[in-house]
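Coordinate inspection notes
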Amino acid sequence: MSASTLRSTPSPVEQNRTALTFDRTVPRQLVHRASVAEVFLTDGTRIAADRFLVGAQWPRRHVLYRPDRSGRHDFMLLAETVRQAGIFLIHRFHDVPLGHHFVFRSLDLRIDDLDSLRVGATPLGAVLDITVTASGDTARRLDARLDVTVEVDGRPCAYGSVSVVVLDARGYDIVRRRGRDLTAAAPADTAAPSTAPAVAGRQDADVLLRSVDGAGPDTWLLHVDPRHPGYFEHPSDHVPGMVLLEAFRQAGHLAAARDCVLASLEARFRAFGELCRPIVIRSAARPDGPLHLTAHQGERTLAEADALFVRA
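About the cut-offs
Residues numbered from 1 in each chain as written. Predicted model: local features only at pLDDT ≥ 70, side-chain atom pairs only at ≥ 80, totals over all residues. Heavy atoms only, no water. Buried < 20%, exposed > 50% of the residue type's maximum accessible area, 1.4 Å probe, protein only. Helix = DSSP H or I, 4+ residues; strand = E, 2+ residues; numbered from the N terminus. Pairing = 2+ DSSP bridges. Contact = heavy atoms within 4.5 Å. Salt bridge = Lys/Arg side-chain N within 4 Å of Asp/Glu carboxyl O. Core = buried A, V, L, I, M, F, W, Y, C linked by side-chain atoms within 4.5 Å. 1 Å grid on protein atoms, 1.4 Å probe; cavity = no way out; pocket = protein on both sides within 12 Å on 5 of 7 lines; lining within 4 Å. Points joined across faces, edges and corners; volume = space filled by probe spheres on them. Nonpolar A, V, L, I, M, F, W, Y, C, P; charged D, E, K, R; others polar.

**Some thoughts on the pairing of strand β11 (residues 291-297)**
- The buried count for β11 comes to seven of seven residues, which makes it a mostly enclosed element.
- Here β11 shows a buried face lined by Leu291, Leu293, Ala295 and Gln297 and a second buried face lined by His292, Thr294 and His296.
- Where strand β10 (residues 280-284) meets β11, five bridges bridge the pair, whose relative direction is antiparallel. Residue Arg282 lies in a different strand from β11, and its bridge partner there is Thr294.

Right, here's the structure in full:
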């Protein structure tokens, strides 16, 4: 065999990448979605013991994830795709039964090439190159970390990682009841809808922030509407983590310059947010660093994140 023939032979990774299909979504149950329209993954394959490739396709416009003012795909669309990829891989390749609960501890995402995410004339296809490190019992409790490289047109454009604990029904019930305090139950949203601010890319019911009487411009009340078809795509016994991340994004937009877009987010989830109690979102600027964002319910910190906004 000649040297030129050896050079032209695709590697196993390239062969698997080329073989990924984008003509249909994966089963919605494997990404914990009720609607097929909310599934962004199209295929997945194992290329090593702990390494996988996942195909994804992003719509040009989505009811919730809309292009930013520069015509690029929504940062939260990438975050949701990474979240779905973690659930999909653990169900399909780690034999975790459907019905188990996924408790996300962290989600980090950094976009290095914003221009690769511009919305074009057709839906954009992406490939996620993911390494999974997992330990535990898939029947009861599995701890997993996923390190992700997002590729568009064969070039890396974003990097992320996800940490998740997967629990059976009994384990989830124990974790869910631990530290739960409903003694001060009250409606989660105590502000009038007319107090919703104007946030880039969001209008009316999609705005998650409400003004707090007597608070400064860096403090907001989270608007929780379990009937919202996007934020509560299926019923939940707690405030979804993606709702808190979107609230952080919106608070960051209000704190950052108007012509800025979110480029990276490092988030940690500390506790479950109860649907029946108010949640306060705060932002704190740093002199030369990312914006710090927190979500509190009473004395408990539900989540915190560092967000970097850059010029659009």
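**Section: the side chain of Arg83**
- The residue Arg83 is located in helix α3 (residues 75-93) in this model.
- Excluding anything up to four places from it in sequence, Arg83 contacts Val31, Arg33, Phe104, Leu107 and Met242.

**Let's talk about the pattern of salt bridges**
- Applying the stated rule across the entire model yields 22 salt bridges.
- When the shortest N-O distance is used, the salt bridge between Glu14 and Arg17 registers 2.6 Å. Taken together, the positions of Glu14 and Arg17, both in helix α2 (residues 12-19) and three residues apart, correspond to about one turn of that helix.
- Given a relative accessible area of 38%, Glu14 falls into the partly exposed group.
- Residue Arg17 is classed as buried on the basis of its relative accessible area of 14%.

**Some points on the nonpolar core**
- Counting residues in each nonpolar core, the largest one holds 79 residues, and the members touching the most others are Trp58, Leu222 and Ile281.
- Here the element with the most residues in this core is α3; it accounts for twelve residues.
- Those residues in contact with Trp58, other than ones at most four positions away along the chain, are Phe40, His73, Leu77, Leu78, Thr81, Leu117, Pro123, Leu124, Ala126, Val150 and Val152.
- Val103, Val165, Leu167 and Tyr172 belong to the second largest nonpolar core, which has five residues in total.

**With respect to empty space enclosed by the protein**
- The final tally for this structure, using the stated rule, is one cavity of 30 Å³ or more.
- Empty space within the largest cavity amounts to approximately 50 Å³.
- Taken together, Ala205, Leu208, His223, Val224, Asp225, His228, Tyr231, Phe232 and Val243 make up the lining of the largest cavity.
- Residues belonging to the lining of the largest cavity are distributed by class as follows: six nonpolar, two polar and one charged.

**Details of the environment of Leu308**
- Tracing the sequence through the fold places Leu308 in strand β12 (residues 300-311).
- A relative accessible area of 37% places Leu308 in the partly exposed class.
- Each C-alpha atom, one on Leu308 and one on Arg202, is 19 Å from the other, the two residues being 106 residues apart in sequence.
- Residues contacting Leu308, with those up to four places away along its chain left out, are Val261, Leu262, Ala263, Ser264 and Pro290.

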